[in-house]
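Read off the chains here:
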Amino acid sequence: MDDERTEGTEPVQDSGPRRRISRKNVLKAAVAAVPLPMLLGGVALARDTKPSEGPLTPTPYCDDGDDPTPPQTEGPYFKPNSPLRDSLIQPGTQGTRLTVSGFVFGLTCQPLANVLLDWWQADVNGAYDNVGFRFRGHQFTDQRGAFKLTTIVPGLYPGRTRHLHVKLQAPNQPILTTQLYFPGEPRNNTDPIFNPALLMNVRQNGSAKEASFDFVLRVRGGTTPTPTGQPTEPPGGTWSAGTDYRAGDQVTYGGATYACLQPHTARAGWEPPAVPALWRRT
């Protein structure tokens, strides 16, 4: 392990040995270059957990040892109703800039679009904002299943190593609550919650850091994006896809009333009963 480093000045070492070309990397390159309908209409490629020993062959299932992203405790500092944004940087923000990017996949290695990611973390001093929403925000994966978050490297506080909190939820699927970690942190050895399966790949880029991590959810198949420009009216309710809802707005759906917890644009597949991260039944 590296020695503990001063915030904003630490060099970042490679988080592991170089790997040979892998199915996951081929898939990620294809996702970036090929329109989503072509990918979803083809055969899934397995993700990368083992080096490839020969030519890559298509496979209908992630059969190379990939497990779903492990869950972790929510901790005491989660707050609902975070703002919709992909940057947690605000005027006057101190700390080492950090960009976290990656993809969200299902069990069949298909990218998942419209996955909700709700982030929260400590500031540079290791403190959480429990009154407002500093270093809190949520976003959705794009049509490629990709996400990108701009924030800072979180500070340390007693008993924990550096980490980011996140909740993920694909349409009509359960919520995954987990945490992401930084390689080379001395406290990784003493933090009782730390899980090496949740280490990000981190590298230095000038004075900032870039990290990557791919999530695997317990979802079979992929999700296709739903246009939001054409509202649809569900039977017997006021909820409507394509509508911009704010926190506190109330709708009816299926004979029940729901209160909006987080600002968002409604999408088919995100009806109130299916997304407790966005709606609470009243």
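In the block above lies the structure referred to throughout.
Residues numbered from 1 in each chain as written. Predicted model: local features only at pLDDT ≥ 70, side-chain atom pairs only at ≥ 80, totals over all residues. Heavy atoms only, no water.

(A) Representation of the overall build of the protein within the structure. Each helix and strand counted, the protein has 2 helices and 14 strands in total. Within the protein, the proportion of its 282 residues that are buried is 46%. Residue pairs at least 24 apart in sequence account for 66% of intrachain contacts in the protein once pairs closer than 6 positions are excluded. For the protein, the accessible surface area stands at approximately 13,400 Å², while carbon and sulfur atoms represent 52% of it. (Helix = DSSP H or I, 4+ residues; strand = E, 2+ residues; numbered from the N terminus. Buried < 20%, exposed > 50% of the residue type's maximum accessible area, 1.4 Å probe, protein only. Contact = heavy atoms within 4.5 Å. Areas by Shrake-Rupley, 256 points an atom, 1.4 Å probe, with all protein chains shown as cover.)

(B) Spotlight on the packing of aromatic side chains. Under the defined criterion, the tally for this structure stands at 10 aromatic pairs. Here the aromatic rings of F147 and F215 are separated by 5.7 Å at their centres, their planes lie at 45 degrees, and the arrangement is tilted. On the criterion of sequence distance, the pair formed by F147 in strand β4 (residues 146-152) and F215 in strand β9 (residues 215-216) is long-range, its members being 68 residues apart. With relative accessibility at 0%, the residue F215 sits in the buried group. Pairing Y245 with W279 gives two aromatic rings, centres 5.1 Å apart and planes at 80 degrees, and the pair type is edge-to-face. Taken together, the residues span a long stretch of sequence, with Y245 in strand β10 (residues 244-245) and W279 in strand β14 (residues 279-281) at a distance of 34 residues. (Phe/Tyr/Trp six-rings, centres within 6.5 Å; stacked < 30°, edge-to-face > 60°.)

(C) Examining the sheet that holds β14 more closely. With antiparallel pairing, 3 strands are arranged side by side in an open sheet as β11-β12-β14. The open sheet terminates on both sides in strands that have one partner only, identified here as β11 (250-253) and β14. Recorded for the sheet is a direction-independent mean angle of 35 degrees between the axes of neighbouring strands. Where β11 meets strand β12 (residues 256-260), 4 bridges bridge the pair, whose relative direction is antiparallel. In the strand pairing of β12, T252 is matched with T257. (Pairing = 2+ DSSP bridges. Axes fitted to C-alpha atoms, helices over the stretch in contact; angles between N-to-C directions.)

(D) Structural detail: the nonpolar core. Ranked by size, the top nonpolar core spans 30 residues in total, and within it V100, V104, W119, L168, M200, F215 and L217 carry the most contacts. Every element with two or more residues in this core is listed here: β1 (97-105), β2 (116-120), β4, β5 (163-169) and β6 (175-181). Counting residues in each nonpolar core, the second largest holds 15 residues, with F140, Y245, C260 and W270 among its members. (Core = buried A, V, L, I, M, F, W, Y, C linked by side-chain atoms within 4.5 Å.)

(E) How the structure looks around empty space enclosed by the protein. Scanning the entire structure with this criterion turns up 1 cavity of 30 Å³ or more. Counted as a void, the largest cavity has a volume near 40 Å³. As for the largest cavity, its lining consists of F78, L116, D118, K167, L168, Q169, I175, Q262 and A277. Sorting the residues of the lining of the largest cavity by element identifies β2 and β5 as the ones contributing at least two each. Ranked by residues supplied to the lining of the largest cavity, first place goes to β5 with 3 residues. A per-class count over the lining of the largest cavity returns 5 nonpolar, 2 polar and 2 charged. (1 Å grid on protein atoms, 1.4 Å probe; cavity = no way out; pocket = protein on both sides within 12 Å on 5 of 7 lines; lining within 4 Å. Points joined across faces, edges and corners; volume = space filled by probe spheres on them. Nonpolar A, V, L, I, M, F, W, Y, C, P; charged D, E, K, R; others polar.)

(F) The arrangement of the pairing of β6 in detail. Burial runs high along β6: 6 of the 7 residues are buried. By the bridge criterion, 7 bridges tie β5 to β6 in an arrangement that is antiparallel. Residue pairing across strands places H165 opposite Q179, the latter belonging to β6. Between the antiparallel neighbours β5 and β6 lie 5 residues, among them N172 with a positive phi of about 60 degrees.

(G) Quick look at the sheet that holds β6. Strand order in the open sheet formed by 4 strands is β3-β2-β5-β6, with antiparallel pairing between adjacent strands. Two strands lie at the open edges of the sheet, namely β3 (136-140) and β6, each paired on one side alone. Sheet twist, expressed as the mean angle between neighbouring strand axes with direction ignored, is 20 degrees.

(H) Fine view of the side chain of K79. Relative to the helices and strands, K79 resides in the loop between α2 (36-41) and β1. Although K79 is buried, it makes no salt bridge; D129 carries the closest opposite charge, 5.7 Å away. Within polar-contact distance, the side chain of K79 engages the backbone oxygen of V131 at 3.1 Å. A distance of 2.9 Å separates a polar atom in the side chain of K79 from the backbone oxygen of G132. With residues near it in sequence (within four places) discarded, K79 still touches D129, N130, V131, G132, F133 and R136. (Lys, Arg positive; Asp, Glu negative; His and termini not counted. Salt bridge = Lys/Arg side-chain N within 4 Å of Asp/Glu carboxyl O. Polar contact = N/O pair within 3.5 Å; in protein donor to acceptor, adjacent residues only side chain to side chain.)

Nothing here speaks to function; it is geometry throughout.
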